[in-house]
Amino acid sequence: MIDETHDPALRSWVESANRPGCDFPIQNLPLGVFRHGRSPKDSLGVAIGDMILDLAPWLPGETLNSYFALPASDRRKLRHEWSACLRADSPVRNLTPQNDCQMLLPAAIGDFTDFYASIHHAANVGKILRPENPLLPNYRHVPIAYHGRASSIVVSGTPIRRPRGQLREGQFAPTKELDYELELGAFLGPATVLGETVPIARAEEHLAGVCLLNDWSARDIQRWEYQPLGPFLAKNFATSISPWVVTAEALEPFRTSPPPHEVAPLAYLQSTQLTTAFDISLEVWLLAASAAEPTRLSQSSFKEMYWTLDQMIAHHTSNGCPLRPGDLIGSGTISGPEPHNRGCLLELTKKGRAPIKLPDGRQRCFLEDGDTVILHACCHREHFADIGFGACSGQILAATTT
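Moving on to the overall build of the protein chain. The helix and strand inventory of the protein chain stands at six helices and 24 strands. Since a compact globule built from 402 residues should have a radius of gyration of about 21 Å, the 21 Å found for the protein chain is in line with a globular shape. Each of the three principal axes of the protein chain carries a C-alpha extent, and together these read 65 × 50 × 40 Å. Sorting the 402 residues of the protein chain into buried and exposed places 54% on the buried side. Counting contacts in the protein chain only where the partners sit at least 6 residues apart, residues at least 24 apart contribute 72% of the total. For the protein chain, the computed accessible surface area is about 17,400 Å², with 54% contributed by carbon and sulfur atoms. For the protein chain, the distance from the average site of its 36 positive side-chain charges to the average site of its 44 negative ones is 5 Å.

Shown next, in the form of structure tokens:
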């Protein structure tokens with residue numbers, strides 16, 4: 001599936017797209033929804049450098065759901081057309097500066113499922129919470145997930161209100177252990193019907209694109225409520241996503257082999273084709289309240305994930321659960337084998353027992369009011385152009401007083 005749109009020699013007439021370090025060169029072409037100036041209308045667009053190409057001539061509507069519904073062959077065709085319009089020799093010149101636009105949620109998200117696909121994250125959390133039995137026996141056999149709350153998914157830049165909840169018996173108060181989770185989100189389409197399964201060989205046909213995702217977590221609320229049914233109010237108060245969706249086609253050059261499994265997956269989770277394991281580097285930065293500059297907290301890679309996106313999709317539908325265009329799945333916290341690869345504060349601080357020291361001398365066990373968490377990601381491979389994801393950020397606001 002690597003073709004002329006991935007050619008590293010391609011240049012755009014949009015000069016900002018040709019600059020080193022640009023997240024959105026012509027080889028990327030991520031999609032989003034924007035509102036220009038005071039216009040009441042939401043528009044679909046492709047990011048190119050620091051500009052936006054309006055997609056009205058190609059796609060109707062005010063969300064990307066219609067794009068996600070298209071067959072993969074149609075999505076590839078559109079990518080070729082947009083690439084041609086933005087090349088150096090193209091006459092098209094009708095673009096909008098990103099700085100003049102407000103970015104919105106990319107889709108009307110019907111359902112949200114959050115996986116737990118990093119064995120490093122699962123093992124690290126298990127060592128903290130269950131040192132005698134850190135990795136539960138089912139982990140190597142089945143992709144674990146829970147259904148989240150689509151109504152509380154917000155676009156990057158939306159402030160996050162510290163939630164209140166039950167912290168222990170008889171106590172209802174603001175969370176004292178507010179955390180982030182570094183994840184990748186995947187938008188799904190086309191639709192399936194109730195009772196239909198998606199074989200793993202066809203799972204990537206339903207992977208339309210990916211974004212950055214921060215599934216904010218209240219660890220003390222979670223600790224009290226998660227047994228026996230799992231996450232609920234500790235998770236569903238807010239999930240942030242980046243506004244630009246990097247398409248599955250843009251990720252083609254960055255496919256990689258997933259880590260080996262000690263236990264062979266069941267047949268419905270085994271693929272003889274290229275898997276949807278991608279080499280995506282991710283970072284978490286913290287702009288502490290009143291700080292002048294952000295501090296990098298961790299670095300990790302999506303290629304370390306134990307379960308791949310095609311396995312998640314195949315498993316999600318294995319019981320006949322239907323998919324709809326615009327459904328979102330989260331990868332779960334992306335962690336790696338080294339201490340600096342840990343994708344949340346619960347891991348990094350060992351549940352607050354090893355505080356992070358900031359450059360100004362302050363410490364963090366968990367997030368404080370005024371803190372801003374910023375996620376970044378990029379793909380790099382020799383002989384191809386680097387592509388980025390933009391940012392996913394959110395600032396913590398104090399809890400309500402009632």
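For helix H5 (residues 309–316), a buried count of seven out of eight residues is recorded, marking the element as mostly surrounded by other parts of the structure. Buried residues of H5: Leu 309, Asp 310, Gln 311, Met 312, Ile 313, Ala 314 and His 316, and no others. On its buried face, H5 is in contact with strand E6 (112–115), strand E7 (145–147), strand E13 (182–188), strand E14 (207–215) and strand E20 (328–330).

On to the pairing of strand E19 (residues 295–301). Here E19 lies mainly inside the structure; five of its seven residues are buried. Relative to E19, strand E18 (residues 281–287) is paired through six bridges, and the arrangement is antiparallel. By the bridge assignment, Ser 281 is partnered in E19 with Ser 301.

Here we take up the layout of surface pockets. Empty space within the largest pocket amounts to approximately 880 Å³. Residue assignment for the lining of the largest pocket shows that the elements contributing at least two residues are E6, helix H3 (119–129), E7 and helix H4 (219–225). For the lining of the largest pocket, the leading source of residues is H3, giving five residues. Grouping the constituent residues of the lining of the largest pocket by class yields 17 nonpolar, eight polar and eight charged.

On the basis of which strands lie adjacent, the open sheet formed by five strands has the order E9-E24-E23-E18-E19 and mixed pairing. Looking at the sheet topology across the chains shown, the edges are occupied by strand E9 (160–161) and E19.

When a protein is soluble and globular, its nonpolar side chains tend to lie buried together. Of all hydrophobic cores here, the largest spans 58 residues; its most connected members are Ile 280 and Phe 389. Those elements giving two or more residues to this core turn out to be H3, E13, E14, E18, H5, helix H6 (345–348), strand E23 (372–379) and strand E24 (387–397). Each residue touching Ile 280, except ones within four places of it in the same chain, is listed here: Leu 184, Leu 251, Ser 300, Ser 301, Phe 302, Ala 377, Cys 378, Cys 379 and Phe 389. Counting 35 residues, the second-largest nonpolar core is a separate cluster that includes Val 46, Leu 95, Ala 150 and Ile 153.

This part is about helix H2 (residues 72–86). The first and last C-alpha atoms of H2 sit 21 Å apart over 15 residues, in line with the 21 Å expected at 1.5 Å per residue. Regarding H2, the residues found buried are Ala 72, Arg 75, Leu 78, Arg 79, Trp 82, Ser 83, Cys 85 and Leu 86. Along the long axis of H2, the arc covered by the buried residues comes to 160 degrees, so they all point the same way.

What follows covers the environment of Gly 370. Following the sequence through the fold, Gly 370 ends up in the loop between strand E22 (363–364) and E23. Residues in contact with Gly 370, not counting those within four places in the same chain, are Leu 287, Ala 288, Ala 289, Gln 395 and Ile 396.

You can see Glu 347 is positioned in helix H6. Look at Glu 347: it is buried, it has no salt bridge, and the nearest opposite charge is Arg 342 at 4.9 Å. One polar contact links Glu 347 to Asn 124, side chain to side chain, over a distance of 2.7 Å. In contact with Glu 347, other than residues within four places in its own chain, are His 120, His 121, Asn 124, Val 125, Ile 128, Thr 333, Ser 335 and Arg 342.

Quick look at unusual backbone geometry now. A cis amide bond, omega -5 degrees, links Gly 189 with the succeeding residue Pro 190. Looking at the element boundaries, Pro 190 is found in the loop between E13 and E14. Looking along the chain, the bond that leaves Gln 227 and enters Pro 228 is cis, with omega of 5 degrees. Relative to the elements of secondary structure, Pro 228 occurs in the loop between H4 and strand E16 (239–241). Its identity is not glycine, yet Leu 29 carries a phi of approximately 60 degrees, on the positive side. In this fold, Leu 29 is placed in the segment before strand E1 (31–36).

A complete count under the given rule lists eight aromatic pairs for this structure. Where Tyr 116 meets Tyr 139, the ring centres are 6.0 Å apart and the plane angle is 75 degrees; that geometry is what we call edge-to-face. Here Tyr 116 is found in the loop between E6 and H3, whereas its partner Tyr 139 is found in the loop between H3 and E7, with 23 residues between them in sequence. A network of ring pairs unites the aromatic residues Trp 58, Tyr 67, Phe 68, Trp 82 and Phe 187 as a single cluster.

Here is what the cut-offs are and how they apply
- Residues numbered from 1 in each chain as written.
- Predicted model: local features only at pLDDT ≥ 70, side-chain atom pairs only at ≥ 80, totals over all residues.
- Heavy atoms only, no water.
- Helix = DSSP H or I, 4+ residues; strand = E, 2+ residues; numbered from the N terminus.
- Rg over C-alpha atoms; globule rule 2.2 N^0.38 Å.
- Buried < 20%, exposed > 50% of the residue type's maximum accessible area, 1.4 Å probe, protein only.
- Contact = heavy atoms within 4.5 Å.
- Areas by Shrake-Rupley, 256 points an atom, 1.4 Å probe, with all protein chains shown as cover.
- Lys, Arg positive; Asp, Glu negative; His and termini not counted.
- Charge placed at Lys NZ, Arg CZ, Asp CG, Glu CD.
- Pairing = 2+ DSSP bridges.
- 1 Å grid on protein atoms, 1.4 Å probe; cavity = no way out; pocket = protein on both sides within 12 Å on 5 of 7 lines; lining within 4 Å.
- Points joined across faces, edges and corners; volume = space filled by probe spheres on them.
- Nonpolar A, V, L, I, M, F, W, Y, C, P; charged D, E, K, R; others polar.
- Core = buried A, V, L, I, M, F, W, Y, C linked by side-chain atoms within 4.5 Å.
- Expected span 1.5 Å × (residues − 1).
- Arc of directions from axis to C-beta.
- Salt bridge = Lys/Arg side-chain N within 4 Å of Asp/Glu carboxyl O.
- Polar contact = N/O pair within 3.5 Å; in protein donor to acceptor, adjacent residues only side chain to side chain.
- Phe/Tyr/Trp six-rings, centres within 6.5 Å; stacked < 30°, edge-to-face > 60°.

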